[in-house]
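Per-entry structural report
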Amino acid sequence: ISLSHPSVACLPTSGLCWKANRANTKMMIKSQRSRRVFLKILVVTYMAMVCCEASVKTPSTNLAALSTRGGANSRRKKGSKVATLSSSSDNAKSNKTATGKKKVGSAAKAAEKKDGLSSAMQKYHSMLPLTRVYITVVGIVTLLGLIVGDEGAQMLMAFDMNRVLHGLELWRPFTAAAFLGPPSIGWLMNGYYLFEYGSSLERAYGSAQFLLFLLGQIFLLSWLSGIFAQPFFGSSMITAMLHVLSRSMPNQKVKWLIFTVPYWSLPYGLMASDVLQSQSPASALPHIIGILTGHFYHFHKFIWPKVGGEDWLVAPEFLSKRLDADAKRDLAKETISNALKGRKKGKGRKLGGN
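Report follows, based on the coordinates.

Calculation notes
- Residues numbered from 1 in each chain as written.
- Predicted model: local features only at pLDDT ≥ 70, side-chain atom pairs only at ≥ 80, totals over all residues.
- Heavy atoms only, no water.
- Helix = DSSP H or I, 4+ residues; strand = E, 2+ residues; numbered from the N terminus.
- Buried < 20%, exposed > 50% of the residue type's maximum accessible area, 1.4 Å probe, protein only.
- Contact = heavy atoms within 4.5 Å.
- Areas by Shrake-Rupley, 256 points an atom, 1.4 Å probe, with all protein chains shown as cover.
- Phe/Tyr/Trp six-rings, centres within 6.5 Å; stacked < 30°, edge-to-face > 60°.
- Expected span 1.5 Å × (residues − 1).
- Axes fitted to C-alpha atoms, helices over the stretch in contact; angles between N-to-C directions.
- Parallel < 35°, antiparallel > 145°, perpendicular 65-115°, else oblique.
- Left-handed = near helix turned anticlockwise from the far one by under 90°.
- Nonpolar A, V, L, I, M, F, W, Y, C, P; charged D, E, K, R; others polar.
- Core = buried A, V, L, I, M, F, W, Y, C linked by side-chain atoms within 4.5 Å.
- Patch = residues over 30% accessible without salt bridge, like charges linked within 9 Å, V, L, I, M, F, W, Y side chains within 5 Å.
- Salt bridge = Lys/Arg side-chain N within 4 Å of Asp/Glu carboxyl O.

1. Notes on the overall build of the protein
Each helix and strand in the protein was counted, giving 13 helices and 2 strands. A total of 354 residues make up the protein; the buried ones form 26% of that total. Within the protein, residue pairs in contact and separated by at least 24 positions form 56% of the contacts whose partners lie at least 6 positions apart. On the protein, roughly 25,500 Å² of surface is accessible, and the fraction owed to carbon and sulfur atoms is 65%.

Here it is as structure tokens:
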């Protein structure tokens, strides 16, 4: 074989080229590795510098933390305006006198803050007991209506004769008498009327008689609401209270809105205002039902006994003793008088006698 043959001559040169390429690739790999090592060294060096700077700044941050906590700081200037908890406690101490009592100004401010809540609670506790219970139930039922919504209120609290009789859902007459709708201007007005007329009735006739009136009205309104398909009759209850009050002094002049009207016309004025607001004659039906049930109570309590009938709407004695303070005082007086009458009288002795 001749070495001058072109195929043989290319073999050594091709091997040299391959070796050269391999050497070049090794050099490139080594250079890439060295670059990576160099980058890692740079990153580590940068992190070390950052850590060193943080360690240098730590004492000042600790001092700042101590100052915010109220700790001792010797570098703090006397004229510094930075507020700390210690300085706030000093300010709180400055609101007191040397004896430790609060100054008049701070006491007045605290009293003004608590004045609104305390006055509302005082008015609430000053209500007569049954009126306070009724208004509390109105608030609870209204809150429940807001939680469950309109449809839920209809399903849960509306009066339904079948559910009351067959399902024994005995709370429905009471919730129907207490639910006044969602919070609105009308709700506020009805709540005011309930407080005003309920307090007047309870004050005039006593808590025991007022309880008998409420139970009788709930029974009659449940019966009539079942006939006229009225799911709630809270407004009917208010109209019944107003009607009974107005019949006690029908010709007395009272102020209603901007008019001066006789007392007996107030239930009809309330009915007319609701009809005008809703622009529907159907709004008069609850007031008509309330006038009918209220007149039923007024007739059998005050008119029928005057013409010779029996007054059967009398509160039981145990309720009067339990609820009415006047009845308790009368019972105590009667007990003392009976005890004095039952004492045995002795013969006694004459003055100056032997």
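2. Describing the packing of aromatic side chains
According to the stated counting rule, one finds 9 aromatic pairs in the structure shown. Between Phe 213 and Tyr 297, the aromatic rings sit 5.0 Å apart at their centres with planes inclined by 75°, giving edge-to-face as the arrangement. In this pair, Phe 213 sits in helix H8 (residues 207-228) while Tyr 297 sits in helix H11 (residues 285-303), placing the two residues 84 residues apart along the sequence. In this structure Tyr 297 comes out as buried when scored by relative accessible area, which is 6%. Note on Trp 264 and Tyr 268: the rings are 6.3 Å apart at their centroids and 65° apart in plane angle, and the pair reads as edge-to-face. A residue is classified by how much of its surface remains accessible, and Trp 264, at 38% relative accessible area, is partly exposed.

3. Section: H8
Note that an α-helix has 3.6 residues per turn; residues three or four places apart therefore point the same way. The first and last C-alpha atoms of H8 sit 31 Å apart over 22 residues, in line with the 32 Å expected at 1.5 Å per residue. Ala 229 sits one or two residues past H8 and shows a positive phi near 55°.

4. A look at the packing of helix H9 (residues 234-248) against H11
One way to put it is that H9 packs onto H11 with a least axis distance of 7 Å and a crossing angle of 45°. Overall, the two elements H9 and H11 adopt an arrangement that is oblique. By crossing handedness, the relation of H9 to H11 is classed as right-handed. Where H9 approaches H11, its residues Ser 235, Ser 236, Thr 239, Ala 240, His 243, Val 244 and Arg 247 are matched on the opposing element by Pro 286, His 287, Ile 289, Gly 290, Ile 291, Thr 293, Gly 294, His 295, Tyr 297 and His 298. A class-by-class count of the residues in the contact of H9 with H11 yields 6 nonpolar, 10 polar and 1 charged.

5. Examining the nonpolar core
Ranked by internal contacts, the top residues of the largest apolar core, which has 42 residues, are Tyr 134, Phe 213, Met 237 and Met 241. Every element with two or more residues in this core is listed here: helix H4 (129-157), helix H6 (172-178), helix H7 (185-205), H8, H9, strand S1 (253-256), helix H10 (266-278) and H11. It is H9 that provides the largest number of residues to this core, a total of 7 residues. Once residues within four sequence positions are removed from consideration, Met 241 is found in contact with Tyr 134, Leu 194, Tyr 197, Gly 198, Leu 201, Phe 210, Phe 213 and Leu 214.

6. Let's talk about a nonpolar patch on the surface
Taken together, the side chains of Leu 143, Leu 144, Leu 146, Ile 147, Val 148, Leu 156 and Trp 171 make up a nonpolar region of the molecular surface, amounting to roughly 640 Å² of accessible area. Tracing the backbone through its elements, the reader meets Leu 144 in helix H4. Classification of Leu 144 as partly exposed rests on a relative accessible area of 30%.

7. As for unusual backbone geometry
Even without being glycine, Leu 168 reaches a positive phi, approximately 55°. By the secondary structure assignment, Leu 168 is in the loop between helix H5 (161-165) and H6. Here Leu 168 falls in the exposed class, since its relative accessible area comes to 60%.

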